[in-house]
Amino acid sequence: MKRIFHVADDASIKKGDVTDIYYQRTRDIVITRGLADQRVVMDVHAYSLPPMSDWAVLAGIEETARLFEGVDVNVSAMREGTIFNRYEPVLRVEGAYGAFGVLESTVLGLLRQASAIATKAARCKKAAREKGVIFFGIRALHPAITPMADRSAFIGGCDSVSGTFGAKLIGEEPVGTMPHELILLFGDQVEAWKAFDEVVSEDVPRIVLCDTWFDETVEALLAAKTLGEKLYGVRFDTPSTRRGDVRRIVEEARWILRLNGFDHVKIVVSGGVNEDRIAKLCDVVDAFGVGTAIACAPSIDFAFDIVETKGKAIAKRGKLPGRKEVYRCTKCPRHQLVPAFERVETCQVCGGKVERLLKPLIERGKIVAELPTPKKIRSYVLKQLEAVELRLNTSS
Ligand code: PCP
């Protein structure tokens, strides 16, 4: 089938055709030398996390389960959305190396990018506390992967996403305001706002862009006078050349709206927003639109390494050999990483009961775990976020 866009199809990904050449050569060598049936245990772990990150959110598990479906291996994994730490295996595969070795880059690609996006989304949501975070980032990515990005951003904690295709995939309504194009086409912001109000379905909140021609405070008041009670909010997408003190701009706009009896108007800020800016603004802003910071989040440095061959613990230097388990306390967020033969019953810190985080996902090629909905995964992430600390870059 001739493809228009530069993307791989599902069948090629499943077959291991979308891999690094050295894995295919390794497959050929192990077949030739009779090692293809050698049983191995491999696990996926990150020995470093992005700057300021002491934890990360696991995503991409559903796609990884689909990848291994029909492959004669057993896979255990942390549940999608689990907050994990450095060194902890998030996924473990057991089987004949020849059955799955060629999929190494594919597994990593699925887990690394989705987890990076989910982790950044979780950091933004943690910084925003009860304030909203909308993912506006599909424009930063190849369209073929935007459903994955929307899903990962949502499960990481974003309240909504603007991408239409991705929103459908996760069963949510897409959320958006209006682009500058609408105002430029009318050549007059008031006409554009009125047209939006007249044409767009009534159930869509009226949030209008207030930065195109004049100062945000002037446009916000103009919008409030134009749409009155119907105006739900204003969005400030202040250009970087005009962003001297966004906090003060928001405070002034609130003041002026209040003076004129428009206290009900919410303020949304977008453009160059990340968790550090959110933390500085969340007491004065109602919601944030975040694009590039989440879409192009720093990669989670997962590796997928052999840790056991022929029943014997083995690893390259710098890595922990052997099959492992990760236990999480059900009372405090403490994790314990131990060799798989050790049983842990209680938390070393608080004495609480512990649970094992690696759970069966695939048995002999069959998916044996529940694959939860994005909404359910998101709730699980938000619950865990309550218990973790967020380190921020205070110098930015
Ligand atoms: C906003 C902003 C960025 C988008 C959202 C996300 O778009 O200008 O392009 O920002 P970020 O990637 O810096 O986080 P709009 O204001 O809708 O842009 P336009 O009207 O130009 O389409």
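What counts and how
- Residues numbered from 1 in each chain as written.
- Predicted model: local features only at pLDDT ≥ 70, side-chain atom pairs only at ≥ 80, totals over all residues.
- Heavy atoms only, no water.
- Helix = DSSP H or I, 4+ residues; strand = E, 2+ residues; numbered from the N terminus.
- Buried < 20%, exposed > 50% of the residue type's maximum accessible area, 1.4 Å probe, protein only.
- Patch = residues over 30% accessible without salt bridge, like charges linked within 9 Å, V, L, I, M, F, W, Y side chains within 5 Å.
- Areas by Shrake-Rupley, 256 points an atom, 1.4 Å probe, with all protein chains shown as cover.
- Salt bridge = Lys/Arg side-chain N within 4 Å of Asp/Glu carboxyl O.
- Lys, Arg positive; Asp, Glu negative; His and termini not counted.
- Charge placed at Lys NZ, Arg CZ, Asp CG, Glu CD.
- Domains from an automatic or database assignment.
- Contact = heavy atoms within 4.5 Å.
- Buried area = accessible area lost by both parts, 1.4 Å probe.
- Near = heavy atom within 4 Å.
- Polar contact = N/O pair within 3.5 Å; in protein donor to acceptor, adjacent residues only side chain to side chain.
- Nonpolar A, V, L, I, M, F, W, Y, C, P; charged D, E, K, R; others polar.
- Phe/Tyr/Trp six-rings, centres within 6.5 Å; stacked < 30°, edge-to-face > 60°.
- Lys NZ or Arg CZ within 6 Å of the ring centre and 35° of its normal.
- Pairing = 2+ DSSP bridges.
- Axes fitted to C-alpha atoms, helices over the stretch in contact; angles between N-to-C directions.

**Re unusual backbone geometry**
At Met52, a residue that is not glycine, the phi angle is positive and equals roughly 70 degrees. Here Met52 shows up in the loop between strand 1 (39-46) and strand 2 (56-57). For Lys310, which is not glycine, the phi torsion reads 45 degrees and is therefore positive. Judged by its relative accessible area of 66%, Lys310 falls in the exposed class.

**Thoughts on a positive patch on the surface**
There is a patch of like positive charges on the surface, built from Arg79, Arg343, Arg356 and Lys359. One can find Arg79 in the loop between strand 3 (73-77) and strand 4 (83-84).

**Quick look at the domain arrangement of the protein chain**
What the domain assignment lists for the protein chain is domain 1 (10-117 + 298-319 + 357-385) and domain 2 (129-295). Using C-alpha coordinates to define each centre, domain 1 is positioned 37 Å away from domain 2. Each partner contributes residues to the interface: domain 1 has 14 residues there, and domain 2 has 17 residues. Here domain 1 packs against domain 2, burying approximately 1,300 Å² in sum over the two surfaces, 60% of which is carbon and sulfur.

**Focus: the site of the ligand**
All residues in the neighbourhood of the ligand are listed as Phe136, Arg139, Pro179, His180, Glu181, Arg235, Asp237, Gly271, Gly272, Val290, Gly291 and Thr292. Taking Thr292, its side chain carries an N or O atom lying 2.4 Å from an oxygen atom of the ligand. Of the residues assigned to the shell around the ligand, the class counts are 3 nonpolar, 5 polar and 4 charged.

**Some details on the packing of aromatic side chains**
Taken as a whole and judged by the stated rule, the model has 5 aromatic pairs. Measuring from centroid to centroid gives 4.9 Å for Tyr47 and Tyr87, while their planes differ by 85 degrees, and the two rings are edge-to-face. Separated by 40 residues along the polypeptide, Tyr47 in the loop between strand 1 and strand 2 and Tyr87 in the loop between strand 4 and strand 5 (91-96) bring together distant segments of the chain. The class for Tyr87 is partly exposed, based on a relative accessible area of 35%. A centroid spacing of 6.2 Å and a plane angle of 55 degrees characterise the contact between Tyr97 and Phe100, whose relative ring orientation is tilted. Taken as a pair, Tyr97 and Phe100 lie in helix 4 (residues 97-100) at a separation of 3 residues, close to a single helical turn. Taken individually, Tyr97 and Phe100 each receive the classification buried, so the pair is uniform in this respect. Three or more aromatic residues joined by ring pairs form one cluster here, namely Tyr97, Phe100 and Phe304. Lying over the aromatic face of Tyr380, Arg79 brings its terminal NZ or CZ to 3.8 Å of the ring centre.

**So, the pattern of salt bridges**
For the structure shown, the criterion picks out 28 salt bridges. Between Arg323 and Glu308 there is a salt bridge; the shortest N-O distance is 2.9 Å. With Arg323 in the loop between strand 13 (312-313) and strand 14 (324-329) and Glu308 in strand 12 (residues 302-309), this pair connects stretches of sequence that are 15 residues apart. Between Lys376 and Glu370 there is a salt bridge, and its shortest N-O distance comes to 3.1 Å. A relative accessible area of 41% means that Lys376 is categorised as partly exposed.

**Points about the sheet that holds strand 7 (residues 160-161)**
Judged by pairing direction, the sheet is parallel, and its 6 strands sit side by side in the order 7-6-11-10-9-8 without closing on themselves. Strands with a single pairing partner mark the edges of an open sheet, and in this sheet they are strand 7 and strand 8 (206-209). Of the strand pairs in this sheet, strand 9 (residues 231-236) and strand 10 (residues 266-270) are connected by 4 bridges, and their pairing is parallel. Bridge pairing in strand 10 links Arg235 to Val268. Sheet strands touched by helix 10 (residues 216-227): strand 8 and strand 9. Its angle to strand 9, the strand with the most contacts, is close to 160 degrees.

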